[in-house]
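Summary of structural features
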Amino acid sequence: QEAQVVVTVHRDLFGTGRLVKAVDLTLGSAACLPVAQNAAESTVTFVAGLHECGSTLQMTPDSLIYKTSLSYKPSSSGSLVIVRTNAAVVPIECHYPRKSNVSSNAVQPTWAPFRSTLSVEERLMFSLRLMNDDWSTERLSNGFQLGESLHLQADVASGGHVPLRLFVDDCVATLSPDRNSFPRYALINHSGCLMDGRSDDATSAFVSPRPRQETLQFVVDAFKFAGDNRNLIYITCHLKVSPTDQAPDPLNKACSFNKASSLWAPVEGTGDICSCCETGNCPLYG
């Protein structure tokens, strides 16, 4: 519903004809209890506000996704030695479109233009996600084998701003959440140069053309740190935007190395904006 979620659960949860106990069913990490039972239909009903019962919110460019779960934890069946059912967790998602039409008279925008908004950080929603190989959905697993490729997608939800173009200034891989820790490996550096693609054994590159201006996709070959057996790697990226009517420049660019031509090439803009990728004399953050 508009401000709450209603979950009706049949007590024949596993389809075996054995009815689970209503008291063994809870909603969300806060373990909210059902608000109603229907003995005739053997159902229980949960009602909770979208932000209640420990639900979480995920924001994508097109949707608001509220996530919660139905939990079944079987209580003792009278014997402390055996149980006859398994615990279960059923994920639940409610998707709300972020874009829709209104039927009232014309609405006058009240936001300030991008260039004059001081608190722009509060109005832009950045995200960096691992995607499946065809970019259609977010990847369910973050595990990779060497030889595979990571498909990374950066997005910005710009709300009421002027049209924006997203860039990835830098990305660094580390063995801890601290991006300044060592060892560290710069995947992207120099304000948008995908340095990993410069390696002889890598095919890493930005995807061109973009699917939309507020999205930037890039592929990185899987890797691990030499001489270290840990298999968990943190990738931290610095994302930024510029107005789409501003031409890409050495400070705002997305450049990949083309091994066939031995030249750097931008996703958009003229080739000269990538020349500093080779020299390393690119402007710092702006």
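None of these values were measured; they are calculated from a predicted model.

**Describing the overall build of the protein**
- For the protein, the count of helices and strands is 1 helix and 16 strands.
- Looking at the protein as a whole, 39% of its 286 residues qualify as buried.
- With the model as given, the accessible surface of the protein reaches about 17000 Å², and the carbon-plus-sulfur share is 53%.

**Quick look at the side chain of S242**
- If you trace the backbone, S242 turns up in strand 14 (residues 234-243).
- Not counting chain neighbours up to four residues away, the residues in contact with S242 comprise P163, L164, R165, F167 and N252.

**Concerning a nonpolar patch on the surface**
- Together, V6, V35 and V47 make up a nonpolar patch on the protein surface, roughly 220 Å² of accessible area in all.
- Mapped onto the elements, V47 comes out in strand 4 (residues 43-49).

**Brief notes about the sheet that holds strand 9 (residues 149-157)**
- Strands sit in the order 8-9-13-12 across an open sheet of 4 strands; the sheet is antiparallel. Of all strands in the sheet, those bounded by a partner on one side alone are strand 8 (125-131) and strand 12 (205-206).
- Direction of pairing for strand 9 relative to strand 13 (residues 215-221): antiparallel, over a ladder of 7 bridges. Counted as the bridge partner of S149 is D221 from strand 13.

**As for the nonpolar core**
- Ranked by internal contacts, the top residues of the largest apolar core, which has 23 residues, are L166, V168, C171, I188, F206 and F218.
- The residues touching V168, leaving out its near neighbours within four places in the chain, are A154, I188, G192, L216, F218, C237, H238 and L239.
- By size, the runner-up hydrophobic cluster in this structure holds 19 residues, among which are V9, Y66, Y72 and A88.

**Concerning the environment of A226**
- Within the secondary structure, A226 is located in the loop between strand 13 and strand 14.
- Each C-alpha atom, one on A226 and one on P183, is 9.7 Å from the other, the two residues being 43 residues apart in sequence.

**Some details on the pattern of salt bridges**
- Under the definition given, this model contains 8 salt bridges.
- For K240, the salt bridge is made with D169, and the minimal N-O distance between the two is 3.5 Å. Of the two residues, K240 sits in strand 14 while D169 sits in strand 10 (residues 164-174), which places them 71 residues apart along the sequence. Taken as a pair, K240 and D169 share a single burial class, namely buried.
- Note that D228 and R230 form a salt bridge whose closest N and O atoms lie 2.9 Å from each other.
- By relative accessible area, D228 is classed as buried at 18%.
- Linked by salt bridges that have partners in common, R129, D155 and R212 make up one network.

**Observations concerning the packing of aromatic side chains**
- Counted under the stated rule, the structure contains 5 aromatic pairs.
- For the ring pair F206 and F218, a centre distance of 5.7 Å and an interplane angle of 65° mean the geometry is edge-to-face. Taken together, the residues F206 in strand 12 and F218 in strand 13 connect sequence positions 12 residues apart.
- Note on F206: relative accessible area 7%, which makes it buried.
- The buried category is assigned to F218, whose relative accessible area is 0%.
- With a centroid separation of 6.3 Å and 75° between ring planes, the pair formed by F223 and F225 is classed as edge-to-face.
- Through a chain of ring-to-ring contacts, the aromatic side chains of Y185, F223 and F225 assemble into a single cluster.
- Against the face of F144 rests R139, its NZ or CZ located 3.9 Å from the ring centre.
- Over the aromatic face of F167 sits the side chain of R210, whose NZ or CZ is 5.2 Å from the ring centroid.

**Looking at the confidence of the model for the protein**
- Here the protein shows a mean pLDDT of 86. Residues at 70 or above account for 86%.
- Throughout residues 104-108 the model reports pLDDT below 50, and contacts reaching past four residues in sequence, or to other chains, amount to 1 contact.

**Things to note about the sheet that holds strand 14**
- With respect to topology, 3 strands assemble into an open sheet ordered 11-10-14, the strand pairing being antiparallel. If you trace the sheet from one side to the other, it starts and ends with strand 11 (184-188) and strand 14, each paired once. This sheet shows a mean twist of 20° between the axes of neighbouring strands, independent of strand direction.
- Bridging between strand 10 and strand 14 involves 10 bridges; their strand directions are antiparallel. For T174, the partnering residue across the bridge sits in strand 14 and is Y234.

Parameters and conventions
Residues numbered from 1 in each chain as written. Predicted model: local features only at pLDDT ≥ 70, side-chain atom pairs only at ≥ 80, totals over all residues. Heavy atoms only, no water. Helix = DSSP H or I, 4+ residues; strand = E, 2+ residues; numbered from the N terminus. Buried < 20%, exposed > 50% of the residue type's maximum accessible area, 1.4 Å probe, protein only. Areas by Shrake-Rupley, 256 points an atom, 1.4 Å probe, with all protein chains shown as cover. Contact = heavy atoms within 4.5 Å. Patch = residues over 30% accessible without salt bridge, like charges linked within 9 Å, V, L, I, M, F, W, Y side chains within 5 Å. Salt bridge = Lys/Arg side-chain N within 4 Å of Asp/Glu carboxyl O. Pairing = 2+ DSSP bridges. Core = buried A, V, L, I, M, F, W, Y, C linked by side-chain atoms within 4.5 Å. Phe/Tyr/Trp six-rings, centres within 6.5 Å; stacked < 30°, edge-to-face > 60°. Lys NZ or Arg CZ within 6 Å of the ring centre and 35° of its normal. pLDDT = per-residue confidence, 0-100. Axes fitted to C-alpha atoms, helices over the stretch in contact; angles between N-to-C directions.

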